[in-house]
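# Observations on chain architecture
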Amino acid sequence: QLPDRGAPARGPGVAVTIGYADAGDLLAAFVRAYETFDGELAVSLFSDDAEYHEGPFSAPMIGHNAIRARWLELAASRDQVELTIERHLVSGDTVVAIWHLGYVGRLGGEHRRVAGIFVLEVRDGRIGRLRAWSQERRADTVGGDPAAG
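### Points about the packing of aromatic side chains
- Evaluated as defined, the whole model comprises eight aromatic pairs.
- With 5.8 Å between their ring centres and 85° between their planes, Phe30 and Trp71 make a pair best called edge-to-face. With Phe30 in helix H1 (residues 20–36) and Trp71 in helix H3 (residues 64–77), this residue pair connects regions lying 41 residues apart in the sequence. Across this residue pair, the class does not change: Phe30 and Trp71 are buried.
- Ring centres of Tyr34 and Trp71 lie 5.7 Å apart, and the angle between their planes is 80°; this geometry places the pair in the edge-to-face category. Of the two residues, Tyr34 is situated in helix H1 and Trp71 in helix H3; the sequence distance between them amounts to 37 residues.
- Since its relative accessible area comes to 10%, Tyr34 is described here as buried.

What counts, and at which threshold
Residues numbered from 1 in each chain as written. Predicted model: local features only at pLDDT ≥ 70, side-chain atom pairs only at ≥ 80, totals over all residues. Heavy atoms only, no water. Phe/Tyr/Trp six-rings, centres within 6.5 Å; stacked < 30°, edge-to-face > 60°. Helix = DSSP H or I, 4+ residues; strand = E, 2+ residues; numbered from the N terminus. Buried < 20%, exposed > 50% of the residue type's maximum accessible area, 1.4 Å probe, protein only.

Shown next as structure tokens:
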């Protein structure tokens, strides 16, 4: 049973704010976990029952085991990962981050570029829900249909 996706990812009595600097520290730790495929660091950033949505229409990964499994999948398919948070904004317990990513596919050696937005709902300093929207293409593709790249 999935929780109500429209409800805030917090329980009663939980602080509903995160400071700008603390959000920056959380995002920096997320970047370290992502670039190094450190599953332990990754799950330490998420609440035990966290939801991780990789896209607006995909089913969420729920909990540490699902998130750790996704990190292992990424490690098997990507190399030379560089994730950069361009800027972030904070409102209450919500952090919005604009980011870009570059990596090399392990199988074909293809260079890929991704740009996107994260929306994190934070409770007690950990991510309760992360939603991501992104656009990906080959690094050498300019213009045209991104799905073809």
